[in-house]
Every structure is written in C-alpha cells, then in structure tokens.
Amino acid sequence: MREIVFDTETTGLDPQTGDRITELGCVEVEDFIPTGRTWHSYVNPQRSVPEKVTEITGLTAEFLADKPLFADVADDFLAFVGDANVVAHNAPFDRGFINMELERVGKPVIQNDRWVDTVVIARKKYPGAHASLDALCKRFGISLETRDKHGAIIDALLLADVYLELNGGRERALDLAGDAGEAGGPVQFPSRPSRTNALLSRLSPEEDAAHRAFIETLGDNPIWIKSGRL
C-alpha cells in the first residue's frame, strides 16, 4: 500500500482569504515504512509573509521571491503523489491549501476520501493525550534535533516516523506475523545444527579447583552435581 506523507508551510491560516503555500514536502511510504523517496519544493506565494510566520518557519518573502510559482511545480507534485492516499497531520488544513492551489491552476484536486489524518488516529489511540506532532514525537522517542523551525519536508519526515509508530512501529518491517514468505506463510529461520561434541571448559585448573571448593559449601546434592555439570 503506497501512501504519501504530506506537509505544507503557508503564509497564514486561511486559503480563502488570500493565504498561500510557501513550501511543500512529501515522503513516500509503502505499508507504513518510508521508502527513502521524497519530493520537496519551496513556492513563491506572490505576496508578503507575515513576521509571525517567518518566526515559525524561517521563510521570508525575499527568500521565496526567486522560487518557482505553484503553477510551475504542480505537475511534478501530482506526478509524485500519483493515485496514493495522502497522510497529513490535521489533514483539513493541508487539504484546504493544496486543493485551493490546484484549483487556481486548473488541476484536479485531491478528493476527501484519499486523505488520512494522523491527528484523528492519535486521538483514537490515545484519548485525552496531546496529539500535536511534537507531542507524538516525544511519545515515540523520535528525535526533534533537526527541527529548529517548522519546515514542510522536515515535518513530513517526522510525521512519516510517527505514522509508522501509530500503525505498529518498526517491527512491521520484520513481518513476523506471517506476511512475508513466498506463499504468504510465516518467516522461516534457519535451524541451528546441534553440536556433536561438548564445548571444552575454558577454566584454568586453579579456577576449576576454586569452583569445586565453592560447590562444597552449598550442602548436600547441589544442582550442579545433580545435572552432571560437576
């Protein structure tokens, strides 16, 4: 099952009042496991970037001025996503922005039934607990060292790790439940051949004598004598 973990950075909170996308980040996952394939682009929003937004993302209008317009990257973005479902943290926010931008350039929007919201998953799995991306990273022991600012590709990479943990964690890759084998049966591990000769003792004569003296202090019939180890 191929999915795209997705994040955006924007100039504000509302795509219906003139706010625009400034950054897009995508991470491909197969059966919840990141494949290593990513897609990322900064976007010139063709408008100012509020100072408060710059404090959060580090992005300024000056930095974005020479970046491509959304119209210039829309086809590459859609090609990377393909027909996969899209995973986002607070999906209505990202869905609202990306579909607004797609509509502006006459491209097909990503329908609601293709979106997976990790906030909804987290709240069902951990009712009453904080469901922010930071809180979930801390819950699962995912390092936030690379995240001094909010960034679309950084947050998408973090979310991919969170999404995996919300769906069972890294042990899924081992497929111990029986989904791997050629015929769909359990994973077969090679058997270890039995030894024909017992291993030789590595004790020196002095260590052996000291061990025997210690055994004599344990009373009658200690377990070592019963088991034939002495």
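Basis of the calculations
- Residues numbered from 1 in each chain as written.
- Predicted model: local features only at pLDDT ≥ 70, side-chain atom pairs only at ≥ 80, totals over all residues.
- Heavy atoms only, no water.
- Phe/Tyr/Trp six-rings, centres within 6.5 Å; stacked < 30°, edge-to-face > 60°.
- Helix = DSSP H or I, 4+ residues; strand = E, 2+ residues; numbered from the N terminus.
- Buried < 20%, exposed > 50% of the residue type's maximum accessible area, 1.4 Å probe, protein only.
- Pairing = 2+ DSSP bridges.
- Axes fitted to C-alpha atoms, helices over the stretch in contact; angles between N-to-C directions.
- Contact = heavy atoms within 4.5 Å.
- Salt bridge = Lys/Arg side-chain N within 4 Å of Asp/Glu carboxyl O.

Caption draft 1: Local environment of the packing of aromatic side chains. Taken as a whole and assessed by the stated rule, the structure comprises seven aromatic pairs. Centre to centre, the rings of Phe 6 and Phe 77 are 5.5 Å apart; their planes meet at 45°, and the pair counts as tilted. A residue pair is termed long-range when its members are at least 10 positions apart, and Phe 6 in strand E1 (residues 2-10) and Phe 77 in helix H3 (residues 70-81) qualify at 71 residues. Like Phe 6, the residue Phe 77 is buried in the burial classification. A ring pair is formed by Phe 32 and Tyr 163, whose centres lie 5.3 Å apart and whose planes are at 70°; its orientation type is edge-to-face. You can see Phe 32 sitting in the loop between strand E2 (21-30) and strand E3 (33-42) and its partner Tyr 163 sitting in helix H7 (residues 152-166), a full 131 residues away along the chain. With relative accessibility at 3%, the residue Tyr 163 sits in the buried group. Taken together, the ring pairs in this structure connect Phe 6, Trp 39, Phe 77 and Trp 115 into an aromatic cluster.

Caption draft 2: Region of the structure containing the sheet that holds E3. One open sheet holds the five strands; their spatial order is E3-E2-E1-E4-E5, and the pairing between them is mixed. Whereas interior strands pair on both sides, the edge strands pair on one side only; in this sheet they are E3 and strand E5 (115-117). This sheet shows a mean twist of 25° between the axes of neighbouring strands, independent of strand direction. Sheet topology note: the E1/strand E4 (residues 85-88) ladder contains three bridges and is parallel. Each residue of the ladder has a partner; that of Glu 3, found in E4, is Asn 85. Contacts between helix H5 (residues 118-125) and the sheet are confined to E4 and E5, with E5 contributing the most and set at about 40° to the helix.

Caption draft 3: Summary view of the pattern of salt bridges. One pass over the full model with this rule turns up eight salt bridges. Linking Asp 75 and Lys 107 is a salt bridge whose minimum nitrogen-to-oxygen distance equals 2.7 Å. Here Asp 75, found in helix H3, pairs with Lys 107, found in the loop between helix H4 (91-104) and E5; they are 32 residues apart in sequence, far enough to count as distant. Between Arg 147 and Asp 134 there is a salt bridge, with its nearest N and O atoms 2.0 Å apart. Of the two residues, Arg 147 sits in the loop between helix H6 (133-140) and H7 while Asp 134 sits in helix H6, which places them 13 residues apart along the sequence.

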